[in-house]
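Chain by chain, the residues run as shown.
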Amino acid sequence: MARTRFAAIAVLTSFLSVVVAGQLRPMPAAGLPGDLFGLGIASRIRTDRNSTAKASTDFGQMVKSAPEAVFHPATPADIAALIRFSASSAAPFPVAPRGEGHSWRGQALAPGGVVVDMSSLGRGHRAARINVSPAGAEPFVDAGGEQLWIDVLRATLQHGLAPRVWTDYLRLTVGGTLSNAGIGGQAFRHGPQIANVHELDVVTGTGEMVTCSRDVNSDLFFAALGGLGQFGVIARARTRLEPAPKRVRWVRLAYSDVATFTKDQEFLISNRTGQARFDYVEGQVQLNRSLVEGPKSTPFFSGTDLTRLARLAFRTGSAAIYYIEAAMYYTEDTAISVDKKMTALLDRLSFEPGFVFSKDVTFVQFLDRVREEERVLRSAGVWEVPHPWLNLFVPRSRILDFDNGVFKALLKDANPAGIILMYPMNKDVWDDRMTAMTPTTNDDVFYAVSMLWSALSMDDVPQLEGGNKAVLDFCDQEGIECKQYLPHYTSQDGWQQHFGAKWSKIAELKARYDPQALLSPGQRIFSKPVEASGSASA
């Protein structure tokens, strides 16, 4: 009994020893400098196993690596203090911002370092970090890097406005998508989300808070946009707005021939459509086996629709069915003309006769459409599974070769769980000064091809990974110059090849803004401190 009382007292004493001035102080982590826990921000650092376990993986569930601690900042100044301490420490540690953790290959992890829980910013007053400025010729919204795009949408719609470009899934953070590019069906006209940003607040790898734009501190501005978190943490972004529609006419058009499919897609993103045009253009590829053996209905297609599509594939002998997914926005004032414009536009396309599938939904329902798919997948227990994704940008001049070698050969008899996206974008609406990469060929159009696989069991992971490698090997062998989107490489040589002529500039900017290579180590771009010359120091 005495021994039990002694143990209880020892535990209580240990607990009380980490309470300072009425605040709970974390126990120091073995891999972090002890001085860190004497800072004013120490009460916001968590080192318990439950906290670090949650920050040890991401949506992709392909990589697991624990941080020493998780930091819950109240303000961007807290983030600056943490990074500044690490940068000046004799034992600097890595720091990785984490929004929703929707990376797929460990990009948001900080092995042996500190993960910054961006959702803590402004907690309890999150709406205060979304400020809409509706007046003037170019209205805009200032949103914290931790804000979800769905919340940005709700805030801007109160003023009858909305950002121009959206990712397909809205439960992503502003800082997260802008660190990659932010693509979707509106990007063919307006460019990616990064092309619609006016100004940023960035916490650099030296702990400095910098406001930057195209005219002020422009090198950091262009580096951070699409910069994969290598040059700083995006704390705020000012994004352009436009008048928001009320409703959307949403269609999917089926094709059995890829050449006709891509020809029509490229027409729709051109300036040849006149007054009748779509506001959103994407596309999908559905392999034959997935039509026959896949889900019997989806949030968009009924069981009858899928049966008709399977029969179309059988009748035409096509290895896949291709869909153009398109949307036309309208308001009360333009509702009377939307049917006429839709008919005029469809008359100029060559989809399979009778294979038009249409819905009329609100603007919010359309933008948040993946939410319904998420609910279906969660209910089936297949949302939180490994996601060995492969996202590529393929030059227009090689898209038919890619289709022939991948969808009609490598994946011809496959039935992986997931979806395949395939849609074109105009290259001239991308700003090459930004870090995000597009194919360096002379093509004025390139295709986003996204194979968004879900591994329903761990046994599926190596098979899907092997399939992805086969796709990349095919592109290398055939000389198809693809660029990875949401890229993943395991060596700096791979990254140098990815960035090509931009590499020396990227290394120079890394040496300037994050010389200790503290930020977002999960990308595996820079594993050692970077010298001014751009080379890694010993």
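The structure presented is a predicted model; accordingly, all values stated were derived computationally and were not measured.

About the cut-offs
- Residues numbered from 1 in each chain as written.
- Predicted model: local features only at pLDDT ≥ 70, side-chain atom pairs only at ≥ 80, totals over all residues.
- Heavy atoms only, no water.
- Phe/Tyr/Trp six-rings, centres within 6.5 Å; stacked < 30°, edge-to-face > 60°.
- Buried < 20%, exposed > 50% of the residue type's maximum accessible area, 1.4 Å probe, protein only.
- Helix = DSSP H or I, 4+ residues; strand = E, 2+ residues; numbered from the N terminus.
- Domains from an automatic or database assignment.
- Contact = heavy atoms within 4.5 Å.
- Buried area = accessible area lost by both parts, 1.4 Å probe.
- Salt bridge = Lys/Arg side-chain N within 4 Å of Asp/Glu carboxyl O.
- Polar contact = N/O pair within 3.5 Å; in protein donor to acceptor, adjacent residues only side chain to side chain.
- Nonpolar A, V, L, I, M, F, W, Y, C, P; charged D, E, K, R; others polar.

## Observations concerning the packing of aromatic side chains
Step number 1: If you walk through the whole model with that rule in mind, you get 25 aromatic pairs.
Step number 2: Taken together, a centroid distance of 5.3 Å and an interplanar angle of 75° make the contact between Phe221 and Phe222 edge-to-face. For the pair shown, Phe221 and Phe222 are each scored as buried.
Step number 3: Residues Trp250 and Phe366 carry aromatic rings whose centres are separated by 5.4 Å and whose planes lie at 75° to one another, so their mutual orientation is edge-to-face. Taken as a pair, Trp250 in strand E13 (residues 247–255) and Phe366 in helix H12 (residues 363–367) lie far apart in primary sequence, 116 residues in all.
Step number 4: One aromatic cluster is present, built from ring pairs that chain together Trp250, Tyr280, Phe300, Phe301, Tyr323, Phe355, Phe357 and Phe366.

## Notes on the domain arrangement of the chain
When the parts of a complex come together, some accessible area is lost, and that lost area is often taken as the interface size.
Step number 1: Each assigned domain of the chain is listed here: domain 1 (43–244 + 492–531) and domain 2 (247–484).
Step number 2: Each of domain 1 and domain 2 was reduced to a C-alpha centroid, and the two centroids are 28 Å apart.
Step number 3: If you look at the interface, domain 1 gives 44 residues, while domain 2 gives 45 residues.
Step number 4: Counting each side, the surface lost to burial between domain 1 and domain 2 is near 3800 Å², with a carbon and sulfur contribution of 60%.
Step number 5: Counting the surface domain 1 buries against domain 2, the share from its top three residues, Asp168, Phe188 and Arg189, is 19%.
Step number 6: Put simply, domain 1 and domain 2 have five salt bridges between them.
Step number 7: Between Lys502 and Asp432 there is a salt bridge, and its shortest N-O distance comes to 3.4 Å.
Step number 8: At the junction of domain 1 and domain 2, the tally comes to 20 residue pairs in polar contact (both at pLDDT 80 or more).
Step number 9: Of all the secondary structure elements, the ones that give two or more residues to the side of domain 1 that touches domain 2 are helix H4 (149–157), helix H6 (187–190), helix H7 (218–224) and helix H16 (492–499).
Step number 10: Looking at which element gives the most residues to the side of domain 1 that touches domain 2, the answer is H6, with four residues.
Step number 11: Residue composition of the side of domain 1 that touches domain 2, grouped by class: 25 nonpolar, 13 polar and six charged.

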